[in-house]
Amino acid sequence: MIGKKVLKELAQAVGREKVFAESEYLLSYSYDATGLEYLPDAVVFAENEEDVAAVIAVCRSHGLPLVPRGAGVGYTGGALAVSGGVVLVFTRMNRILSLDRENFLAVVEPGVVTSDLQEAAEKAGLFYPPDPASLKTSTIGGNVAENAGGPRCFKYGVTGNYVLGLEAFLMNGEKVRLGAETIKNVAGYDLKSLLVGSEGTLAVVTRVTVRLLPLPPCRLLFRVDFPALEDGARFVQRVIQAHVQPAVLEFMDRSSLQAVYSYQGLALDDRLRAAVLVEVDGSPAEVAEREALLKKQLDAARPLHWQRAETFAEQEALWATRRNISPAIAKLKPKKINEDIVVPAGRIPEMVGFIDGLAAEYGLCIVLFGHFGDGNIHTNLMVDPDDAGEMSRAEVVLDKIFRRVVEFGGTISGEHGIGLSKKPFMHYQFSPVELELFRRIKKVFDPDNLLNPGKMF
Ligand SMILES: Cc1cc2nc3c(=O)[nH]c(=O)nc-3n(C[C@H](O)[C@H](O)[C@H](O)COP(=O)(O)OP(=O)(O)OC[C@H]3O[C@@H](n4cnc5c(N)ncnc54)[C@H](O)[C@@H]3O)c2cc1C
């Protein structure tokens, strides 16, 4: 609980109109997409880097936790004030400062919404590929802190592949400029990359320089429906092995599609068990070549049905189905245990079969969808927290899933990060030595453990 004196200091530091401690504000900034809730003591809206430096100084002098926050649509509780303190919100620092067509760069404030950057780039004939499904809400600061991915990351890579430079404040109040405006840069330790994916635990990011690409002139989207879960998973492999080089290879199981269709009042083919979205992009000649390669695989895979989106509206409708899965499945049960495991692409059919077998053996509803092209399987255990038996079966199943993921050479999180919700599972992937290295790195950046404490490990 912070007293009136500290609130007054914050208001003097940044201006009264940016500091809030009324209960409606504290409540509004107490949760994210996990559904977990922790009340902060104050909410401050940063409008410039001077505000950031001033809030850090107040927090430091009173030993108060400081939690950076973008749009609050994180899936792991990263932006939650578990130990109280100040939530520093970046949604007002939302300017695109420059878009450099000559050097294929954009410089942005951390509160820029992901789709706003994409649209601004597209207007200039350029392309910012990272596309988390939350892109219409999430901020670049949150994307950088989580190293967010998305469907197109199969071909184009994750947020970190586009971050060239960062400006950030350390908890001792010092400002750092990391990286450079170049693609190549091997000078010194790569501190910029250390901050990418550090979940707001090492420094507060105030400016991001991203790399842009030329906008691909053509895009084609296909949906392919299968009568068996593993047929869909195998089709993903076929497409990869046939060098189709799609931009997107997304998988949706029957439960995912059923949830969206029910929501929209539509009927789903009884025979359908899985569907795959394939998008190819490039020049007209490249797209034609990729389409021909894909069609050979369609002939060989014998799906139930396939569709080529002929118009922009049809493409958007297919994408809407995919993007609506998360909200639609949330209606299936009171709680969604949402894991974003990754296995090497060659292991996907085995992993999917394994999870499907566990769901049947333990009587659980497990919904599978996600970016299967890069092995990223969104594994959603739909449970009722009031059903103790179901909760303990879910725990056993999660343990088995994580162990298998690590045995297969995979990772417990491909894009959502660790935050609070995956913290208990870090030991599956990291040894005590590695976890101790993490703790020591945190100490170097934030010796008093004030910046986003209680997250990751
Ligand atoms: C429906 C839905 C779909 C999603 N789909 C995807 C997906 O496809 N791919 C994917 O990767 N994720 C996805 N997510 C997760 C989420 O949207 C991403 O993690 C996103 O990056 C969060 O951005 P945000 O602005 O909401 O960050 P927040 O949730 O506000 O914060 C996330 C983390 O970033 C830190 N942070 C924020 N700003 C700063 C800053 N300026 N400096 C330092 N640290 C900062 C916070 O402290 C916190 O640890 C999805 C979420 C939802 C709800």
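What you are looking at is a predicted structure, and each value in this text was computed from that prediction instead of being measured.

Chemist: Looking at this structure, I do not really get the site of the ligand. What am I missing?
Modeler: Contacts to the ligand come from 35 residues, most closely from Pro 68, Gly 70, Val 73, Ser 134 and Thr 139. Within the contact set of the ligand, an oxygen atom lies 2.8 Å away from a backbone nitrogen or oxygen of Gly 72. The side chain of Glu 415 places a nitrogen or oxygen atom 3.1 Å from a nitrogen atom of the ligand. Relative to its unbound accessible surface of 990 Å², the ligand loses 95% to contact with the protein. Secondary structure elements with two or more residues in the shell around the ligand: strand S3 (66-69), helix H5 (140-146) and strand S10 (204-211). Class assignment for the residues of the shell around the ligand results in 15 nonpolar, 16 polar and four charged. Looking at the shell around the ligand, you find at least three residues from each of domain 1 (4-89) and domain 2 (96-214).

Chemist: Would you mind going over the environment of Gly 70 with me for this structure?
Modeler: Positionally, Gly 70 belongs in the loop between S3 and strand S4 (86-89). In this structure Gly 70 comes out as buried when scored by relative accessible area, which is 15%. As for Gly 70 and Lys 295, which are separated by 225 residues in sequence, their C-alpha atoms are 42 Å apart. Look past the residues within four positions of Gly 70 in its chain and what remains in contact with it is Val 89, Thr 91 and Thr 139.

Chemist: For this particular structure, what's the right way to read the packing of helix H1 (residues 4-14) against helix H3 (residues 49-62)?
Modeler: For any two helices packed against each other, one specifies the inter-axial angle together with the distance between the axes. Running from N to C, H1 and H3 cross one another at 155°; their axes reach a closest spacing of 9 Å. Looking at the two axes, H1 sits roughly antiparallel to H3. For the element pair H1 and H3, the recorded crossing hand is right-handed. Facing Lys 5, Val 6, Glu 9, Leu 10, Ala 13 and Val 14 of H1, the residues of H3 in contact are Asp 51, Ala 54, Val 55, Val 58, Ser 61 and His 62.

Chemist: Which parts of the structure should I look at to understand the packing of aromatic side chains?
Modeler: The way to describe two aromatic rings as a pair is by their centre distance and the angle between their planes. Across all of its chains, the model carries 14 aromatic pairs by this definition. One aromatic cluster in this structure is built from Phe 20, Tyr 25, Tyr 29 and Phe 45. Just above the ring of Phe 408 sits the side chain of Arg 347; from NZ or CZ to the centre is 4.2 Å. Between Arg 404 and the ring centre of Phe 354, over which it is positioned, the NZ or CZ distance is 4.1 Å.

Chemist: Would you take a moment to explain the sheet that holds strand S15 (residues 305-308) for this structure?
Modeler: Spatially, seven strands are ordered S15-S12-S14-S13-S17-S18-S16 in an open sheet, and the strand pairing comes out antiparallel. The strands lining the two open edges of the sheet, one partner per strand, are S15 and strand S16 (335-342). Strand after strand, the sheet turns through a mean of 20° between neighbouring axes, direction not considered. In this fold helix H8 (residues 229-241) packs onto strand S12 (218-226), strand S13 (248-253), strand S14 (274-282) and strand S17 (365-370), with an angle of close to 175° to the strand it touches most, S13. Lying on the sheet, helix H11 (residues 312-323) is in contact with S12, S13, S14, S15, S17 and strand S18 (376-383); it crosses S12 at an angle near 55°.

Chemist: Mind showing me how you'd approach the nonpolar core here?
Modeler: Inside soluble globular proteins, nonpolar side chains tend to come together where they are buried. Counting residues in hydrophobic clusters, the biggest one holds 52 residues, and the most contacted among them are Phe 235, Met 351 and Ile 377. In contact with Met 351, not counting residues within four places along its chain, are Ile 341, Val 343, Ile 377, Ile 401, Arg 404, Val 405 and Phe 408. In terms of nonpolar packing, the next biggest core, distinct from the first, is built from 49 residues, Val 260, Tyr 261, Ala 309 and Phe 369 among them.

Conventions used here
Residues numbered from 1 in each chain as written. Predicted model: local features only at pLDDT ≥ 70, side-chain atom pairs only at ≥ 80, totals over all residues. Heavy atoms only, no water. Near = heavy atom within 4 Å. Polar contact = N/O pair within 3.5 Å; in protein donor to acceptor, adjacent residues only side chain to side chain. Areas by Shrake-Rupley, 256 points an atom, 1.4 Å probe, with all protein chains shown as cover. Helix = DSSP H or I, 4+ residues; strand = E, 2+ residues; numbered from the N terminus. Nonpolar A, V, L, I, M, F, W, Y, C, P; charged D, E, K, R; others polar. Domains from an automatic or database assignment. Buried < 20%, exposed > 50% of the residue type's maximum accessible area, 1.4 Å probe, protein only. Contact = heavy atoms within 4.5 Å. Axes fitted to C-alpha atoms, helices over the stretch in contact; angles between N-to-C directions. Parallel < 35°, antiparallel > 145°, perpendicular 65-115°, else oblique. Left-handed = near helix turned anticlockwise from the far one by under 90°. Phe/Tyr/Trp six-rings, centres within 6.5 Å; stacked < 30°, edge-to-face > 60°. Lys NZ or Arg CZ within 6 Å of the ring centre and 35° of its normal. Pairing = 2+ DSSP bridges. Core = buried A, V, L, I, M, F, W, Y, C linked by side-chain atoms within 4.5 Å.

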